[in-house]
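Residue-level structure breakdown
Okay, here's what each chain looks like letter by letter:
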Amino acid sequence: MNSIRVRIGVLGLALLTGLATPTAASAAEAAPSPTVEERRLDRAVPQEILRRSGFDTAAPRLSRALDAARSYGEARRAVTHEGAQLWRRAVDRAQGRGPAGGDLSPDDDRPLYWARLGMTRDVRTWEPEFGLTDGQRAALLDELERTSRGQTAIDYPHGKGLKRILVTGFDPFTLDRDIRISNPSGATALALDGTVIETADGPARIEAVVFPVRWQDFTDGTVERTLRPYLPKADLFTTVSQGRVGRFDVERTNGAWRGGFADNDNIGRTETVPVTDPASQPQWTTTTLPYRAIVASDTGRFPVYDNTGVTEIPAGGTEPVVRPEGPTPGSTARAGGGGDYLSNEIAYRATLLRDRLGLHDVLPGGHVHTPVLQFGAGNTTEVTDPEFVRNRLDIIAQVRTILRVAAEES
């Protein structure tokens, strides 16, 4: 997922102020309109995906719970419960538990994405009789985003002898190009969350989360807030996104630059990646994944590359230069190996957080780009086909093997 062909914000203040119930309906602000992302929901393809997966019941169930709420506290409990249930339902479906709920293959990540948007739209446009302040609405949306993305469900068992692996994925994106699109990284997160892989060194437990494809959420610190409590406990982490056609890439270097490609709200940002303490912000961060071992191993049908290239403005220069072998000293980032979109940014933020926590030398972590998930030849209208499913399953299986190799070599 990058610009080459490719907000769960920090709302602490809103979260705290939102705990107070308004004393009168006049305290409420007018409910905002649905976002660009949410407005795509009424198109035929999203509705078909929801119907054919059984996830068309998720938003109506939350809507009924909200209508029954008589206070902000009741509404918050309903949002927390329904958001967590949506994540668990998606994980269970991906891993073959519970009712099939339709004829779409269980590995499909799109039902979770579109069901969540139906739920956020309902919360965003909800106008309860007791009134809702802007801060309270923001806190409800934040809670729904976090719970429905698995970000509040990371749970590593206690005890010795079990390695802990943290994996992240993304929502579908470029939906105005093809609204049928699925994101294999999100599908991988659902398929692997809570599973155990056997390595030569013993079992390893995988916990997974999914992030939005929106610049503002990253600006607001969703990556750091989600990962900070768990990186010190992890033995390995891998951020994952969709990248190039027909290949995996282990991205060697990540750059502190946003290239402006439009996100799922059709907003672009061109700027240095905004982080806390920008005075100490490096232009580049690097992977600590065992990339040599990963590239040398037979992990699946797609080739895996050690991608070392970046785009930089050399020290003293003014124009961007492509550097196939990585950045030069004193250069300014214009694209990491994974480009200048949100996949590069999540890799940059996660590895910068690793380094700021003092874990660079002890915690293997970095970014893996999957192949682009493609439909079968000639399919330009159907939401699925056998080749599409096969490609997604093969990508999921290969990520799992890459994680096993990384865990064994770490």
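Our structure is the block above this text.
Residues numbered from 1 in each chain as written. Predicted model: local features only at pLDDT ≥ 70, side-chain atom pairs only at ≥ 80, totals over all residues. Heavy atoms only, no water.

Structural notes on the pattern of salt bridges
Considering all chains together, one arrives at 38 salt bridges under this definition. Between Arg149 and Glu145 there is a salt bridge, and its shortest N-O distance comes to 2.7 Å. Neither Arg149 nor Glu145 differs from the other in exposure class; each is buried. The salt bridge involving Arg214 is made with Glu145; its shortest N-O contact spans 3.0 Å. Of this pair, Arg214 sits in the loop between β3 (202–211) and α9 (215–219) while Glu145 sits in helix α7 (residues 134–148); the two residues are 69 residues apart in sequence, bridging distant segments of the chain. One exposure class covers both Arg214 and Glu145, and it is buried. (Salt bridge = Lys/Arg side-chain N within 4 Å of Asp/Glu carboxyl O. Buried < 20%, exposed > 50% of the residue type's maximum accessible area, 1.4 Å probe, protein only. Helix = DSSP H or I, 4+ residues; strand = E, 2+ residues; numbered from the N terminus.)

Some points on the pairing of β3
Of all ten residues in β3, nine are buried; the element is thus mostly enclosed. By the bridge criterion, eight bridges tie strand β1 (residues 163–170) to β3 in an arrangement that is parallel. Counterpart to Leu166 in the pairing with β3 is Glu207. Sheet analysis places strand β2 (residues 196–199) next to β3, joined by four bridges and oriented antiparallel. Bridge pairing in β3 places Ile197 opposite Ala204. What sits between β2 and β3 in their antiparallel hairpin is a turn of two residues. (Pairing = 2+ DSSP bridges.)

Brief notes about helix α6 (residues 110–125)
With 16 residues, α6 ought to run about 22 Å at 1.5 Å a step, and its terminal C-alpha atoms sit 23 Å apart, in line with that. Counting buried positions over the 16 residues of α6 gives 14, a clear majority of the element. (Expected span 1.5 Å × (residues − 1).)

Quick look at the packing of helix α4 (residues 58–68) against α6
For the pair α4 and α6, the least separation of the axes is 8 Å and the interaxial angle reads 25 degrees. Relative to α6, the element α4 is oriented roughly parallel. When the axes of α4 and α6 are compared, the crossing they make is right-handed. Taken together, the residues of α6 that come into contact with α4 (itself represented by Ala58, Ala59, Leu62, Ser63 and Leu66) are Ala115, Gly118, Met119, Asp122 and Val123. Considered class by class, the residues forming the contact of α4 with α6 number seven nonpolar, two polar and one charged. (Axes fitted to C-alpha atoms, helices over the stretch in contact; angles between N-to-C directions. Parallel < 35°, antiparallel > 145°, perpendicular 65-115°, else oblique. Left-handed = near helix turned anticlockwise from the far one by under 90°. Contact = heavy atoms within 4.5 Å. Nonpolar A, V, L, I, M, F, W, Y, C, P; charged D, E, K, R; others polar.)

By themselves, these figures tell us nothing about what the structure is for.
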